[in-house]
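Residue-level structure breakdown
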There are 2 protein chains.
Amino acid sequence: MFMRIDHIGIACRDLEEKIELFSRTFDLTVVAREVNEEQGVKEAMLHIADGEGGGSYIQLLEPLSDDSPVGKFLAKRGEGVHHVAFGVPDVEEAMATIGEKGVRLLDERPRHGSMGSQIAFLHPKDVGGMLTELVQAAKRQ
Amino acid sequence: MFMRIDHIGIACRDLEEKIELFSRTFDLTVVAREVNEEQGVKEAMLHIADGEGGGSYIQLLEPLSDDSPVGKFLAKRGEGVHHVAFGVPDVEEAMATIGEKGVRLLDERPRHGSMGSQIAFLHPKDVGGMLTELVQAAKRQ
């Protein structure tokens, strides 16, 4: 089911500062920047490796407002790991398989993720306290 | 510097229960179990993928005592992501390079990690609130 660890989503207060920190410290390159109004974040993807069906990244997330999910996370827990995403071949199929096993899905249908991906979130309480994202990467051109 | 996301370390109260949950929900296989007295944990590695220089895993961690680092983490934050580990070709070289950039190392020299690896931790306050581990995997036979 899981082909790779797709990304680690890290909540931060200042995206530009953290891009500078991570790229300088670990010699990583930003391969995408996006504003996702639906999720209330602006974000950057820093490339680590290529894997089966997609890549592996650090995803830096700055909330667009204090009352967005990432804004509330920052107020409660401070900066740090917000979620972990795993690459799957087909997100709808993975949602169905996982849902049948009793794990609650936070999304009824896939939504738009970074870099043209299709994604869905699982309830952290059903996955050991880890907010878990499923990612079907966009087909490579 | 980073070749892969090596593993996501997840703190849990009951290792056997979480092994059952993760293996059943995501069809993952346990490839190693260890007790690491130095770090005060018993742990299991669930294999996700192979990558450059080593694999990618979910690492489940149960503390051996309440006053161990993972025991204190659970008391403060509850179950969930404890740290994130990245694969490097040479852990001593990576420690030197990262240390020169002003990030504090929690280890003066590499210590023993899962499955014969050599590891070192970075101070989470210097890495966006993420407890970060560097992993040099054991050479494959």
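Residues numbered from 1 in each chain as written. Chains lettered and ligands numbered in written order. Predicted model: local features only at pLDDT ≥ 70, side-chain atom pairs only at ≥ 80, totals over all residues. Heavy atoms only, no water.

Considerations on the overall build of chain A
Which entries qualify depends on this criterion: The helix count covers DSSP runs of H or I at least four residues long, the strand count covers runs of E at least two residues long, and both are numbered beginning at the N terminus. Throughout, the radius of gyration refers to the C-alpha atoms, and the reference size of a globule is 2.2 Å times the residue count to the power 0.38. Buried, partly exposed and exposed residues are distinguished by accessible area as a fraction of the type maximum, computed with a 1.4 Å probe on protein chains only: under 20%, between the cut-offs, and over 50%, respectively.
Per the secondary structure count, chain A includes three helices and eight strands. Ordered by position from N to C terminus, the α and β elements of chain A give β-α-β-β-β-α-β-α-β-β-β. For 141 residues, the compact-globule estimate of 2.2 N^0.38 gives 14 Å, and chain A sits close to it at 15 Å. With the principal axes as the frame, chain A shows a C-alpha extent of 40 × 35 × 25 Å. Across the 141 residues of chain A, 56% fall into the buried class.

Describing the interface of chain B and chain A
Applied cut-off: Should any heavy atoms of two residues lie within 4.5 Å, those residues are counted as being in contact. Salt bridges are counted wherever a side-chain nitrogen of Lys or Arg sits within 4 Å of a carboxyl oxygen of Asp or Glu.
Across the contact, 35 residues belong to chain B and 35 residues belong to chain A. Applying the counting rule to chain B against chain A returns zero salt bridges. Those elements giving two or more residues to the side of chain B that touches chain A turn out to be strand S1 (4-11), helix H1 (15-26), strand S3 (41-51), strand S4 (54-63) and strand S5 (80-87) of chain B. The element that contributes the greatest number of residues to the side of chain B that touches chain A is H1 of chain B, accounting for six residues.

Considerations on the sheet that holds strand S4 (residues 54-63) of chain A
All names here are of chain A. Rules: When DSSP finds two or more bridges between two strands, those strands count as paired. The convention used is that axes are lines fitted to C-alpha atoms, helices contributing only their stretch in contact, and that angles between N-to-C directions extend from 0 to 180 degrees.
The mixed open sheet is built from eight strands, whose spatial order is S2-S3-S4-S1-S5-S8-S7-S6. Here the strands that pair on one side only, and so sit at the sheet edges, are strand S2 (29-36) and strand S6 (111-112). As judged from the two bridges shared by S6 and strand S7 (residues 118-122), these two strands associate in the antiparallel manner. Across the sheet, the residue bridging to histidine 112 is glutamine 118, located in S7. Of the strands in this sheet, strand S1 (4-11), S2, strand S3 (41-51) and S4 are in contact with helix H1 (residues 15-26), which crosses S4 at around 145°.

Examining the packing of aromatic side chains
What counts here: By convention, a stacked pair of Phe, Tyr or Trp rings (six-membered ring in the case of Trp) has centres within 6.5 Å and planes under 30 degrees apart, an edge-to-face pair has planes over 60 apart, and any other such pair is tilted.
As enumerated under the stated definition, the model contains six aromatic pairs over all chains in all. On the numbers, 5.9 Å between centres and 55° between planes, the contact of phenylalanine 22 of chain A with phenylalanine 26 of chain A is tilted. Here phenylalanine 22 of chain A pairs with phenylalanine 26 of chain A, and both are found in helix H1, just four residues apart, close to one helical turn. Residue class for phenylalanine 22 of chain A comes out buried when judged on its relative accessible area of 1%. Pairwise contacts between aromatic rings join Phe2 and Phe86 of chain A together with Phe22 and Phe26 of chain B into one cluster.

Some thoughts on unusual backbone geometry
Its identity as a non-glycine residue notwithstanding, aspartate 27 of chain A has a phi of 60°, on the positive side. Mapped onto the secondary structure, aspartate 27 of chain A falls in the loop between H1 and S2. For aspartate 27 of chain A, a relative accessible area of 58% gives the class exposed. Although it is not a glycine, methionine 115 of chain B adopts a positive phi angle of roughly 55°.

Concerning the relation of the copies chain B and chain A
What counts, and what does not: Least-squares superposition of the copies uses the C-alpha atoms of those residues scoring a pLDDT of at least 70 in each of them.
Rotating chain B by 180° about the axis while translating it 0.0 Å along that axis superimposes it on chain A, leaving an RMSD of 0.0 Å. Such values leave the two copies arranged in the relation of a two-fold axis. Both copies share a contact surface, since 100% of the interface residues of chain B are interface residues in chain A too.

A look at the UniProt feature "domain: VOC" (unreviewed entry) in chain A
Inclusion rule: UniProt positions are given in the numbering used here, feature names are shortened, and annotations may be inferred rather than shown by experiment.
In the UniProt entry, the feature "domain: VOC" (unreviewed entry) is given for residues 4-137 of chain A. Structurally, residues 4-137 of chain A comprises 23% helix and 43% strand, and the distance from its first C-alpha atom to its last is 11 Å.

Here's the deal with helix H3 (residues 91-100) of chain B
Worth spelling out the cut-off: To be clear, the arc concerns the directions from the helix axis to the C-beta atoms. Counting of polar contacts relies on pairs of N or O atoms within 3.5 Å, with two restrictions inside protein: one atom must be capable of donating a hydrogen and the other of accepting it, and residues adjacent in sequence are counted only when both atoms are side-chain atoms.
For H3 of chain B, the set of buried residues is Val91, Ala94, Met95 and Ile98 of chain B. Seen end-on, H3 of chain B carries its buried residues on one side only, within an arc spanning 100°. Projecting away from the buried face of H3 of chain B at angles above 90 degrees are the exposed residues Glu92, Glu93 and Glu100 of chain B. Buried positions along H3 of chain B lie against H1 of chain A together with strand S7 (118-122) and strand S8 (132-136) of chain B. The backbone nitrogen of glutamate 92 of chain B lies 3.1 Å from a side-chain oxygen of the residue at the head of H3 of chain B, namely aspartate 90 of chain B. Of the residues trailing H3 of chain B, glycine 102 of chain B is marked for its positive phi of about 95°.

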